[in-house]
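Breakdown of the fold
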Amino acid sequence: VLGYGGGVFALGPVQASEPPEAATVLDFHRDIQPILQANCVACHFAQKAEGGLNLESSAVLLKGGDSGPAVVPGALDQSHLWQRITAQDDSIMPPEGNQVGAMRLTAAQQEMIRRWIEAGAVVAPNNPVAKGRSRKAEVPLSQADCFACA
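In this report, we go over the structure that sits alongside the text. (Residues numbered from 1 in each chain as written. Predicted model: local features only at pLDDT ≥ 70, side-chain atom pairs only at ≥ 80, totals over all residues. Heavy atoms only, no water.)

Focus: the pattern of salt bridges
Taken as a whole, this structure holds five salt bridges when the rule is applied. Here Arg30 ties to Asp31 by a salt bridge, and the two come within 2.7 Å at their closest N and O atoms. A relative accessible area of 48% places Arg30 in the partly exposed class. Judged by its relative accessible area of 13%, Asp31 is buried. The shortest N-O distance in the salt bridge between Lys48 and Glu50 comes to 3.6 Å. Through salt bridges with shared partners, a single network forms among Glu111, Arg114 and Glu118. (Salt bridge = Lys/Arg side-chain N within 4 Å of Asp/Glu carboxyl O. Buried < 20%, exposed > 50% of the residue type's maximum accessible area, 1.4 Å probe, protein only.)

Details of helix α5 (residues 107-118)
A rise of 1.5 Å per residue sets the reference length of α5, with its 12 residues, at 16 Å; its end C-alpha atoms lie 16 Å apart and thus fit the reference within 8%. When we look at burial in α5, the residues that qualify are Ile113, Arg115, Trp116 and Ile117. Following α5 by one or two positions, Gly120 has its phi on the positive side, about 105 degrees. (Helix = DSSP H or I, 4+ residues; strand = E, 2+ residues; numbered from the N terminus. Expected span 1.5 Å × (residues − 1).)

Some points on helix α2 (residues 28-39)
Compared with an ideal rise of 1.5 Å per residue, which puts 12 residues at 16 Å, α2 spans 15 Å between its outermost C-alpha atoms and is within 8% of the ideal. Within the sequence span of α2, burial applies to Phe28, His29, Asp31, Ile32, Gln33, Ile35, Leu36 and Asn39. Backbone nitrogen of His29 and a side-chain oxygen of the N-cap are separated by 3.1 Å at the start of α2; the cap is Asp27. (Polar contact = N/O pair within 3.5 Å; in protein donor to acceptor, adjacent residues only side chain to side chain.)

Quick notes on the side chain of His29
With respect to the secondary-structure elements, His29 resides in helix α2. Reaching out from His29, the side chain makes a polar contact with the side chain of Gln33 at a distance of 3.5 Å.

Let's talk about the nonpolar core
If you look at the biggest cluster of nonpolar residues, it comprises 21 residues, and the most contacted ones within it are Leu36, Leu61, Val71, Leu81, Ile113, Trp116 and Ile117. For this core, the secondary structure elements donating two or more residues are α2, α4 (80-85) and α5. Sequence-distant contacts of Leu61, that is, excluding residues within four places in its chain, are made with Phe28, Leu36, Asn54, Leu55, Ala70, Val71, Leu81 and Trp116. (Core = buried A, V, L, I, M, F, W, Y, C linked by side-chain atoms within 4.5 Å. Contact = heavy atoms within 4.5 Å.)

What to know about unusual backbone geometry
Cis peptide bonds are those with omega within 30 degrees of zero, and the linkage from Met93 to Pro94 qualifies with -10 degrees. Within the secondary structure, Pro94 sits in the loop between α4 and α5. Although it is not a glycine, Ala49 sits at a positive phi angle of roughly 40 degrees. Tracing the backbone through its elements, the reader meets Ala49 in the loop between α2 and α3 (58-63).

Right under this line is the structure:
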């Protein structure tokens, strides 16, 4: 591609780069946590933890629940979270007609979680949060957006 006199000319085939959303490095706090907060945490938090599973933070998410690890970094087939959000039977989460109003994950949300798990389920250690502050330690999801708690 050449620029001349304000114009741009291609001298051969121009290859498109990967779409930005596929090339973007996923961040647990920015990309995954909001999905879990909106659709899972109402039933899977410290005081309730259905199935022994608490999804309030990355630390407890990686630990798992009664069925084993919710997420095995790099291994979709061993990650119960992935198995449940993509199930084609009654084991799908969140379940249809649940009493907390949780919605089934969209294809885009499932894809984001799939990419995050396959990429190693990385959680940035000092993830920036509101107003430029930096997170020194993992905080539960229920407190993550509470500026007075941080």
